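So you can see what is in the structure, the chains are spelled out below.
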Amino acid sequence: MEKFKITDLDLYYGTFKALIKVNLTIEANQITAFIGPSGCGKSTLLKSLNRMNDLIEGCRIDGNVLLDGEDIYGNIDVNLLRKRVGMVFQKPNPFPMSIYDNVAYGPRTHGIHSKIKLDEIVETSLRNAAIWDELKDRLKKSALGISGGQQQRLCIARALAVQPEVLLMDEPTSALDPISTSKIEDLISELKERYTIIIVTHNMQQAVRISDKTAFFLLGQVIEYDTTENIFSNPRQKETEDYITGRFG
Amino acid sequence: MSTSKKTVINNNKKLTSKSKDPVSLILRILVWCAAALTIMILFVIIGYILYKGIPNLSLDLFDLEYNTQNVSLMPALINTVIMTILSITIAVPLGIFSAIYLTEYARRGSRLVKIVRITAETLSGIPSIIYGLFGLLFFVTTLHWGFSMLAGGFTLSIMILPLIMRTTEEALHAVPDSYREGSYGLGAGKMRTVFTIVLPSATPGILAGVILAIGRIVGETAALIYTSGTVADIPDSLLSSGRTLSVHMYALSSEGLFMDKAYATAVVLIILVILLNRISSYTAGKISKS
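These numbers come from a predicted model, not from an experiment.

So, the packing of helix H6 (residues 148-160) of chain A against helix H7 (residues 178-191) of chain A
Between two packed helices, what matters for the description is the angle formed by their axes and the separation of those axes.
All names here are of chain A.
Thinking step 1. Relative orientation of the contacting elements H6 and H7 amounts to 20 degrees, with a least axis distance of 9 Å. Put simply, H6 runs roughly parallel to H7. With respect to the hand of their crossing, H6 and H7 are arranged in right-handed fashion. For the pair H6 and H7, contact is made by Gly-149, Gln-152, Arg-153, Ile-156 and Leu-160 and by Ser-180, Lys-183, Ile-184, Leu-187 and Leu-191, respectively.

See below:
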């Protein structure tokens, strides 16, 4: 089943064309990885999937992005879109409030105020993010006091708490140590049963380890999009081969 | 074999040999003198006021009613509190909301933002006597409020508005964009993001600005003499005249009859101002920690 269908997407930052004629179909309940050198447009494409690029001045879009058949650049409620398409950022960005309030922020935003329900959501979300056992005794403590790896898993829990369908992850482990990274990779693999996950990564081994499909970007274009196995063992394009064998990038 | 010569820096000097460069010595002395002088001036002023003022402090200075026997500063102290509350209630919401508009809602770098910012900066550079004259012409005369606490409060709130706007703007700018992104990413709208994430994170900075503004209100004379007048009693209503501590001091020393009492009043005023400054830097320190 296809979740996102991107057709002929062009994206401009002012006069600079950051994405050129992108065509991609992203399958539900799979992990799709975006790889490519810095500045190739992979994060830009990720951000255009929940319209976070609306926040960037001078950003303009041509083409179509369909989420379950609905054009997300049409006349839609952006807040509702972002509830369905959650996001985890490159640097862990917990809010300066308690761990509990961090996770409860999303549900409260969407109108849940009953204490019993919130308690339940906070616990399930933290459990799903595999961090409940570490944090259950300090839910009322500030989220800024936990380690970077824990903060990132907290941010994943926070994103899960609004019950999204898709999780966008923008290099979620690039600021973390190897142990935290492997914990988060395990978590991502577990989450794919319930969510569609799109992950931008600089780390090709990471793409191999966790993703089902991989798109390789270069200078704003999708050069190749295939199953991860094919991309890494049997690339069809020369640029892809050069990149994955480390000849540039 | 390479034949290129290398530039060698002379490393033969002993580590213990101190540089005897005369320029650096002179500079060091100058810097030291400037620091010593600044600290000395501050201590001399405070010391002088304490020396002249403390012996003149007496209980009847704090009587509720002013007369020429007790020269009480109590009405002025109470007026200062009223004036502060009045100006702050007018200026703080206005300043905070306009700063929110400028940083969160207006398009970054738009003409309007630039104009408002230049206006605010110009306003903060205007001498307070000009505010006083404006208040006299507009609030006192044109609006027929007469010399009153209300006219003084409005004049002062115009005066501190740029200060509050600027500090609030800075505090809002200091909130990392990642907080905003995180909030939008969860499907929160602009309003919710600004009021539940951005504003609480900026509160210590805003508070520091407000306390700074209170310091200016407490220390202000020129803008008040022509607007809230110099009556030395607690006013019956906001439309009556009343003098604040600073105006009280100005009146005492310009009359020249109660110089001793003026010094005693100065002690109270200076303690008040130092206290406010300490609170301000304490809260400012709290932001940088978080």
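Back to the text.
Brief notes about the pattern of salt bridges
A side chain with one charge can pair with a side chain of the opposite charge if their charged atoms come near.
All names here are of chain A.
Thinking step 1. All chains considered together, the criterion is met by 23 salt bridges over all chains.
Thinking step 2. Here Arg-84 makes a salt bridge to Glu-165, at a shortest N to O gap of 3.0 Å. Within this pair, whereas Arg-84 is found in helix H2 (residues 78-84), its partner Glu-165 is found in the loop between H6 and strand S7 (166-170), the two being separated by 81 residues in sequence.
Thinking step 3. By relative accessible area, which is 27% here, Glu-165 ends up partly exposed.
Thinking step 4. Counted as one network, the salt bridges with shared partners bring together Lys-3, Asp-68, Glu-70, Arg-84 and Glu-165.

Observations concerning the UniProt feature "domain: ABC transmembrane type-1" (unreviewed entry) in chain B
Thinking step 1. Under the local residue numbering, the UniProt record ascribes the feature "domain: ABC transmembrane type-1" (unreviewed entry) to residues 77-280 of chain B.
Thinking step 2. Annotated as residues 77-280 of chain B, this span is 79% helix and 0% strand, and its ends, taken at the C-alpha atoms, are 20 Å apart.

Observations regarding the pairing of strand S8 (residues 196-200) of chain A
Residues and elements named next belong to chain A.
Thinking step 1. With five of five residues buried, S8 is to be regarded as a mostly interior element.
Thinking step 2. Side chains Thr-196, Ile-198 and Val-200 of S8 all project onto a buried face; the interleaved residues Ile-197 and Ile-199 project onto the opposite face, where all are buried too.
Thinking step 3. In this sheet, S8 lies alongside S7 in parallel orientation, the contact comprising five bridges. Residue pairing in the sheet places Val-166 in a bridge with Thr-196 of S8.
Thinking step 4. The parallel pair S7 and S8, bridged by H7, forms a crossover whose chirality is right-handed.

What about the packing of aromatic side chains?
All names here are of chain B.
Thinking step 1. Counted by the stated rule, this structure contains 10 aromatic pairs over all chains.
Thinking step 2. For the pair Phe-138 and Phe-139, a centre-to-centre distance of 5.1 Å together with 70 degrees between the ring planes defines the contact as edge-to-face.
Thinking step 3. Its relative accessible area of 34% is what places Phe-138 among the partly exposed residues.
Thinking step 4. According to the relative accessible area criterion, Phe-139 is buried, its value standing at 5%.
Thinking step 5. Measuring from centroid to centroid gives 5.3 Å for Phe-139 and Trp-145, while their planes differ by 10 degrees, and the two rings are stacked.
Thinking step 6. One aromatic cluster is present, built from ring pairs that chain together Phe-134, Phe-138, Phe-139, Trp-145 and Phe-154.
Thinking step 7. Lying over the aromatic face of Tyr-105, Lys-190 brings its terminal NZ or CZ to 5.4 Å of the ring centre.
Thinking step 8. We note Arg-243 situated over the ring of Tyr-66; from NZ or CZ to the ring centre the distance is 5.8 Å.

Focus: the interface of chain A and chain B
Thinking step 1. Each partner contributes residues to the interface: chain A has 24 residues there, and chain B has 18 residues.
Thinking step 2. When chain A packs against chain B, close to 1600 Å² is buried across both sides, 62% of that on carbon and sulfur atoms.
Thinking step 3. The largest per-residue losses of area from chain A upon contact with chain B belong to Glu-57, Phe-95 and Tyr-105 of chain A, which jointly make up 30% of the total buried on that side.
Thinking step 4. Where chain A packs against chain B, one counts zero salt bridges.
Thinking step 5. At the junction of chain A and chain B, the tally comes to six residue pairs in polar contact (both at pLDDT 80 or more).
Thinking step 6. Mapped onto the side of chain A that touches chain B, the elements with two or more residues apiece are H2, strand S6 (85-88), helix H3 (99-109) and H6 of chain A.
Thinking step 7. Per element, the largest residue contribution to the side of chain A that touches chain B is four residues, and it comes from H3 of chain A.

So, the side chain of Asn-70 of chain B
All names here are of chain B.
Thinking step 1. Note that Asn-70 resides in the loop between helix H1 (22-53) and helix H2 (74-105).
Thinking step 2. Judged by its relative accessible area of 6%, Asn-70 falls in the buried class.
Thinking step 3. A polar side-chain atom of Asn-70 sits 3.1 Å from the main-chain carbonyl oxygen of Glu-65.
Thinking step 4. In contact with Asn-70, not counting residues within four places along its chain, are Asp-60, Leu-61, Asp-63, Glu-65 and Lys-261.

Comments concerning the environment of Pro-55 of chain B
Thinking step 1. If you trace the backbone, Pro-55 of chain B turns up in the loop between H1 and H2.
Thinking step 2. By relative accessible area, Pro-55 of chain B is classed as exposed at 61%.

A look at the layout of surface pockets
Thinking step 1. For the largest pocket, the calculated volume is near 590 Å³.
Thinking step 2. Lining the largest pocket are 21 residues, with Leu-55 and Ile-56 of chain A together with Arg-108, Tyr-184 and Lys-190 of chain B sitting closest to its centre.
Thinking step 3. Grouping the constituent residues of the lining of the largest pocket by class yields seven nonpolar, three polar and 11 charged.

Let's talk about the environment of Asp-63 of chain B
Residue and element names in this part refer to chain B.
Thinking step 1. Of note, Asp-63 is situated in the loop between H1 and H2.
Thinking step 2. Residue class for Asp-63 comes out partly exposed when judged on its relative accessible area of 32%.
Thinking step 3. Along the sequence, Asp-63 and Leu-73 sit 10 residues apart, while their C-alpha atoms lie 7.6 Å from each other.
Thinking step 4. Apart from the residues lying within four places of it in its own chain, the contact partners of Asp-63 are Asn-70, Ser-72, Met-74 and Pro-75.

Quick notes on H2 of chain B
Thinking step 1. In this model H2 of chain B runs 45 Å from its N-terminal to its C-terminal C-alpha over 32 residues, within 8% of the 46 Å that 1.5 Å per residue would give.
Thinking step 2. Along H2 of chain B, the helix axis deviates most sharply at Ile-88 of chain B, where the bend reaches about 30 degrees.

Examining empty space enclosed by the protein
Thinking step 1. The final tally for this structure, using the stated rule, is one cavity of 30 Å³ or more.
Thinking step 2. Counted as a void, the largest cavity has a volume near 50 Å³.
Thinking step 3. Those elements that provide at least two residues to the lining of the largest cavity are S6 and H6 of chain A together with helix H6 (177-185) of chain B.
Thinking step 4. Among the elements that take part in the lining of the largest cavity, H6 of chain A stands out by supplying three residues, more than any other.

How each quantity is defined
- Per-chain numbering applies: the sequence of each chain, read as written, is numbered from 1 onward.
- The lettering of chains begins at A and the numbering of ligands begins at 1, in the order of writing.
- Given that this is a predicted model, residues contribute local features only at a pLDDT of at least 70 and side-chain atom pairs are listed and counted only at 80 or more, while totals for whole chains, interfaces and linings are drawn from all residues.
- As a convention, hydrogens and water are excluded, and side-chain values are obtained from all of the structure's heavy atoms.
- Think of each axis as a best-fit line through the C-alpha atoms, taken over the contacting stretch in the case of a helix, with angles from 0 to 180 degrees between the N-to-C directions.
- Strands here are runs of E lasting at least two residues and helices are runs of H or I lasting at least four, both read from the DSSP assignment and numbered beginning at the N terminus.
- Angle categories are assigned with fixed cut-offs, so that under 35 degrees is roughly parallel, over 145 is roughly antiparallel, 65 to 115 is roughly perpendicular, and the rest are oblique.
- Crossing chirality is assigned from the near helix's rotation relative to the far helix, an anticlockwise turn below a right angle marking it left-handed and a clockwise turn marking it right-handed.
- By definition in these notes, contact holds between two residues if any of their heavy atoms fall within 4.5 Å.
- Counted as salt bridges are all cases of a side-chain nitrogen of Lys or Arg within 4 Å of a carboxyl oxygen of Asp or Glu.
- Classification of residues uses two cut-offs on accessible area relative to the type maximum, computed with a 1.4 Å probe and protein chains only: under 20% is buried, over 50% is exposed, and between them is partly exposed.
- UniProt positions are given in the numbering used here, feature names are shortened, and annotations may be inferred rather than shown by experiment.
- A pair of strands is treated as paired once DSSP finds two or more bridges between them.
- Classification remark: right-handed applies to a crossover when, strands pointing away from the viewer, the course from the first strand over the helix to the second runs clockwise.
- In this scheme Phe, Tyr and Trp rings, the latter by its six-membered ring, pair at centre separations within 6.5 Å, and the angle between planes marks the pair as stacked below 30 degrees, edge-to-face above 60, and tilted otherwise.
- By the criterion adopted, a ring carries a charge over it if an Arg CZ or a Lys NZ lies within 6 Å of its centre and within 35 degrees of its normal.
- Defined in terms of a 1.4 Å probe, buried area is the accessible area two parts forfeit on being brought together, summed over both.
- What qualifies as a polar contact is a pair of N or O atoms within 3.5 Å, subject to a donor-acceptor requirement within protein and to the restriction that residues adjacent in sequence count only when both atoms come from side chains.
- Definitions used for this entry: grid spacing 1 Å over protein atoms alone; cavity, a set of points where a 1.4 Å probe fits but cannot get out; pocket, an open set with protein on both sides within 12 Å along at least 5 of 7 lines; lining residue, one with an atom within 4 Å of a point.
- Grid points are joined across faces, edges and corners, and a volume is the space filled by probe spheres set on the points.
- Gly is put with the polar residues, along with every residue not named as nonpolar or charged; the nonpolar set is Ala, Val, Leu, Ile, Met, Phe, Trp, Tyr, Cys and Pro, and the charged set is Asp, Glu, Lys and Arg.
- To estimate how far a helix should extend, the number of its residues minus one is multiplied by 1.5 Å.
- Axes are fitted to the seven residues ending at a residue and to the seven starting at it; the angle between these axes is taken as the bend at that residue.

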